[in-house]
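# A look at the structure
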Amino acid sequence: HNQSNIDRKAAEQWLRDKINQRKAQSKNLRRQSTSYKIPVVFHIIHNGEPLGTGANIPDAQVLSQLDVLNADFKRLNADAANTPVEFLDVAGSMDVEFVLAKQDEAGLPTTGIVRVDGGRQEWFSSDNETLKALSYWPAENYFNIWVCNLIDYLGYTQFPFYTGPLQGLNEQNTNRQTDGVVVTHTALGSNDGDNNFVLKPRFSKGRTLTHEVGHFFGLIHIWGDEDECLGNDFVDDTPNQDKATAGGNCSQVRTSCGGINMFQNYMDYTDDVCMNIFTVKQVERMEIILENAIRRVSLLNSPGLIDPAPVDNDL
């Protein structure tokens, strides 16, 4: 991301003011935290395969992914115990619940899982608008997640559009009809427990979507997308590091930029098995975006969170 046109001082002050406003409001209302609910719709874009095969993944795979999201953001993930001791003081928890939408845009009951034959075997990020046009619910009210046989990435995200000068998000996309996340079907869901879905072995714990939802809420890669310690993720409690981390050697201590790398962070590039932490300041940043960004704050009052009104059967 090119931050050259960002007034960093103004951005830092805006973020600080928003955090102080939230703290004052919480104190006045005698509450410790804010609880959020996000209505999700999974658009399964397949190529005519029978249900449960290929890109037409089973419902159980989607549900396993939802469980991972809810555990990771609340820091209820079992592997939170693997967070190195030097990072425990900054481990953060976001009181957010991702729920499958209960009613569709017409007010009718839905499972929150939509299946569409896209007529293609493979998809690329360059097909962004074509893919999303196959199945889209209004992004003001639904968190759209498209699942397909994505070839060039594990997943990608449209960053939030907001009205404040938050650092690192100057390259915003205002297109409401493409807002959401795309994930390849072999990196969605978890094979923990007795699950046996067809997933890439290195990315079989559902952390691809955890990472992408971090972007959806305004987080940047932990190394700041610039090598040689020149990057900045604009989060104070994530140590600077010289580049992205790859691989699954979770026991190795890695150092750069004068400190220990937090490669266990969901916003790095390590294998799923290594990831286990968002930080307190990352959570603060995500909450500020969720409470202020267009097509983020409106999700909190979405009709998709409410049971639909009963209707008579019309045979």
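Residues numbered from 1 in each chain as written. Predicted model: local features only at pLDDT ≥ 70, side-chain atom pairs only at ≥ 80, totals over all residues. Heavy atoms only, no water.

### Side note on the overall build of the protein
Quick note on the threshold: Starting at the N terminus, helices and strands are each numbered in turn, a helix being any DSSP run of H or I of at least four residues and a strand any DSSP run of E of at least two. When accessible area is computed with a 1.4 Å probe and restricted to protein chains, residues below 20% of their type maximum are described as buried, those above 50% as exposed, and intermediate ones as partly exposed. Only heavy atoms enter the contact rule, under which two residues are in contact if any of them lie within 4.5 Å. Surface accessibility follows the Shrake-Rupley procedure with a 1.4 Å probe radius. Residue values consider only the protein chains on display as shielding.
Counting its secondary structure elements, the protein contains five helices and eight strands. Each helix and strand of the protein, ordered N terminal to C terminal, gives the series α-β-α-β-β-α-β-β-β-α-β-β-α. Classification of the 315 residues of the protein by burial places 54% in the buried group. Sequence separation of at least 24 residues holds for 72% of the intrachain contacts in the protein that already meet a minimum separation of 6. If you sum the accessible surface of the protein, you get close to 14500 Å²; carbon and sulfur atoms cover 49% of it.

### Examining the pattern of salt bridges
Put simply, the test is: Any Lys or Arg side-chain nitrogen located within 4 Å of an Asp or Glu carboxyl oxygen qualifies as a salt bridge.
A full pass over the atoms with the stated rule returns eleven salt bridges. Its salt-bridge partner being R202, residue D271 comes within 2.9 Å of it at the nearest N-O pair. Placement of D271 in the loop between β8 (259-260) and α5 (280-292) and of R202 in the loop between β6 (181-184) and α4 (207-216) is noted, with a sequence separation of 69 residues between them. Given the relative accessible area of 7%, D271 is considered buried. Of the residues examined, R202 reaches a relative accessible area of 43% and is grouped as partly exposed. Several salt bridges converge on common partners, so that one network encompasses D72, D79 and R207.

### Remarks on the side chain of R207
The condition is simple: Think of a polar contact as two N or O atoms within 3.5 Å of one another; within protein, one of them needs to be a possible hydrogen donor and the other a possible acceptor, and neighboring residues in sequence only count if both atoms come from side chains.
By secondary structure assignment, the location of R207 is in helix α4. At 2.9 Å, the side chain of R207 and the side chain of D79 are in polar contact. Once you skip the residues sitting within four places of it in the chain, R207 turns out to touch V68, D72, N77, D79, Y266, D272 and M275.

### As for the state of the cysteines
As a reminder, the rule being used: Count a disulfide wherever a pair of cysteine sulfur atoms falls within 2.5 Å.
Overall, the coordinates contain two disulfides when judged by the stated rule. Here C229 pairs with C257 through a disulfide, and the sulfurs are 2.0 Å apart. Of note, the bridge from C229 to C257 carries an S-S torsion of about -100° and is left-handed in sense. Highlighted residues: C229 in the loop between α4 and β7 (255-256) and C257 in the loop between β7 and β8, separated in sequence by 28 residues. Among the residues examined, C229 registers a relative accessible area of 29% and is labelled partly exposed. Judged by relative accessible area, which is 33%, C257 ranks as partly exposed. Disulfide pairing places C250 opposite C274 at an S-S distance of 2.0 Å. Handedness here is read from the sign of the S-S torsion; for C250 and C274, about -90°, the answer is left-handed. Of this pair, C250 sits in the loop between α4 and β7 while C274 sits in the loop between β8 and α5, and the two are 24 residues apart along the sequence. Here C274 falls in the buried class, since its relative accessible area comes to 2%. Once the bonded cysteines of the protein are numbered in order along the sequence, the disulfide links fall as 1-3, 2-4.

### A closer look at the pairing of strand β2 (residues 96-100)
Our working definition: At least two DSSP bridges between two strands are required for those strands to pair. The path from the first strand over the helix to the second decides the hand: if it runs clockwise while the strands point away from the viewer, the crossover is right-handed.
The element β2 is largely enclosed, with a buried count of four among its five residues. Relative to β2, strand β1 (residues 36-46) runs parallel, the two being bridged by five bridges. Bridged to Y36 within β2 is V96. Note that the unit made of β1, helix α2 (residues 59-73) and β2 has a crossover that is right-handed.

### A look at the pairing of strand β4 (residues 143-148)
The two faces of the sheet receive side chains in turn, since in a regular strand these alternate between them. The element β4 is extensively covered by neighbouring structure, given that six of its six residues are classed as buried. Neither face of β4 is exposed, since F143, I145 and V147 on one face and N144, W146 and C148 on the opposite face are all buried. As judged from the five bridges shared by β1 and β4, these two strands associate in the parallel manner. The residue of β4 that forms the bridge with F42 is I145. Pairing analysis gives four bridges linking β4 to β6, with the strands arranged parallel. In the strand pairing of β6, W146 is matched with V182.

### Section: the environment of K205
With respect to the helices and strands, K205 occurs in the loop between β6 and α4. K205 gets classed as buried once you look at its relative accessible area, which sits at 18%. Those residues in contact with K205, other than ones at most four positions away along the chain, are V68, D79, G189, S190, D192, D272 and V273. A polar atom in the side chain of K205 sits 3.1 Å from the side chain of D192.

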